[in-house]
Amino acid sequence: MPHRFRIIPLISVVGLTLSLMSCASIVDGQKGEEVEASSSAAQSGAAQQGSTSGQKLAASLSEWIEQRESQGNIAESQKTILDKSTGEISTSDYEKAWSDYRQCMIDKGYKEIKLIKYPSGLYAEAGHKQGTTIQESRYSDDSTECGDEYVADVQDVYGIIVGNPNLYDQAQAVVDCLHRDSLVPKDYTVSRFNKEFFGTDGNTSFDMQNLQVRSCLVSNGYNVGYATDDTEQLW
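These numbers were taken from a predicted model, which means no experiment stands behind them.

Criteria and cut-off values
Once a new chain begins, its residue numbering starts again from 1 and follows that chain's sequence as written. A pLDDT threshold of at least 70 governs which residues receive local features in this predicted model, and a stricter bar of 80 or more applies before side-chain atom pairs are shown or counted, although totals over entire chains, interfaces and linings include all residues. Side-chain descriptors were evaluated using all non-hydrogen atoms of the structure, hydrogens and water having been removed beforehand. Numbered from the N terminus, helices here are DSSP runs of H or I no shorter than four residues, and strands are runs of E no shorter than two. Note on classification: 1.4 Å probe, protein chains only; a residue is buried when its accessible area is under 20% of the maximum for its type, exposed when over 50%, partly exposed between these limits. Think of a salt bridge as a Lys or Arg side-chain nitrogen and an Asp or Glu carboxyl oxygen that are within 4 Å of each other. Note on aromatic pairs: the rings of Phe, Tyr and Trp (six-membered ring only in Trp) are paired at centre separations within 6.5 Å, and the planes decide the class, stacked below 30 degrees, edge-to-face beyond 60, tilted for the rest.

Novice: Please clarify how the environment of Asp100 should be interpreted in this entry.
Specialist: With respect to the helices, strands and loops of the structure, Asp100 is situated in helix H5 (residues 91–107). Residue classification places Asp100 among the partly exposed positions, given a relative accessible area of 23%. Sequence separation between Asp100 and Tyr150 is 50 residues; the distance between their C-alpha atoms is 6.1 Å.

Novice: Help me out: how do you make sense of the pattern of salt bridges in this one?
Specialist: When the charged atoms of two side chains lie near each other, side chains of opposite charge can form a pair. For the structure on display, the rule yields 11 salt bridges. In this structure, the salt-bridge partner of Arg192 is Glu196, at a minimum N-O distance of 3.4 Å. Within this pair, Arg192 and its partner Glu196 are both found in helix H9 (residues 190–197), separated by four residues, close to a single helical turn. Connected through shared salt-bridge partners, Arg68, Asp153 and Asp156 make up one network.

Novice: Just to check I follow, could you spell out the packing of aromatic side chains for this structure?
Specialist: Each aromatic ring pair is summarised here by two numbers: the centre-to-centre distance and the angle between the ring planes. Applying the stated rule across the entire model yields 10 aromatic pairs. With a centroid separation of 5.8 Å and an interplanar angle of 80 degrees, the aromatic rings of Tyr110 and Tyr139 are classed as edge-to-face. Separated by 29 residues along the polypeptide, Tyr110 in the loop between H5 and strand E4 (115–117) and Tyr139 in helix H6 (residues 133–150) bring together distant segments of the chain. For the pair Tyr110 and Tyr139, one class covers both residues: buried. Here the aromatic cluster, defined as three or more aromatic residues joined through ring pairs, consists of Phe193, Phe197, Phe198 and Tyr222.

Following this line, the structure appears as structure tokens:
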């Protein structure tokens, strides 16, 4: 039986390269079975094209991290974590990065910052109810600032480690993750994923509410959230 979801615009939370922490504003009145889904690459059309060739981001995780660092603008606290990374980021370092992000946001006056933890160990910020235009603009600026300072780059690398160990590009990485976790048939392809995920009828052949599925999506730059998910009260 096909599973149904609805694509609607999301409000970006933290400015990550893969938008791994893009977080939704939950709109009042949504039905529990409807899902919000988005991707930074979807906005530009890149993810909709996808890759069927297995093209890789880099030859190794170390090379990919070096590429990131060569671009500069990585906060010192995150660079320290990445520099000692040899194929993994410790749970304590990862959780400390998120804790620092949360504290940064609390210090800016937000009531709470809630995190969703996926089976892979990946965290993502929970959605929140839509605020005023001014509130949302301020939130976007503040979350980007706190994210860039404390967690954005660490989140990207952690997402690669748990969700894309083969370093494929975005859509191929999701399908590879779904295959590795036996969440889709062996013959499930990138083309099929793109057609289902970005299709207008909202039907997918896999359960979008499954937390393992959502972990594969979020770790590779696609964020999904249901109206039944826990939400944070920012204001």
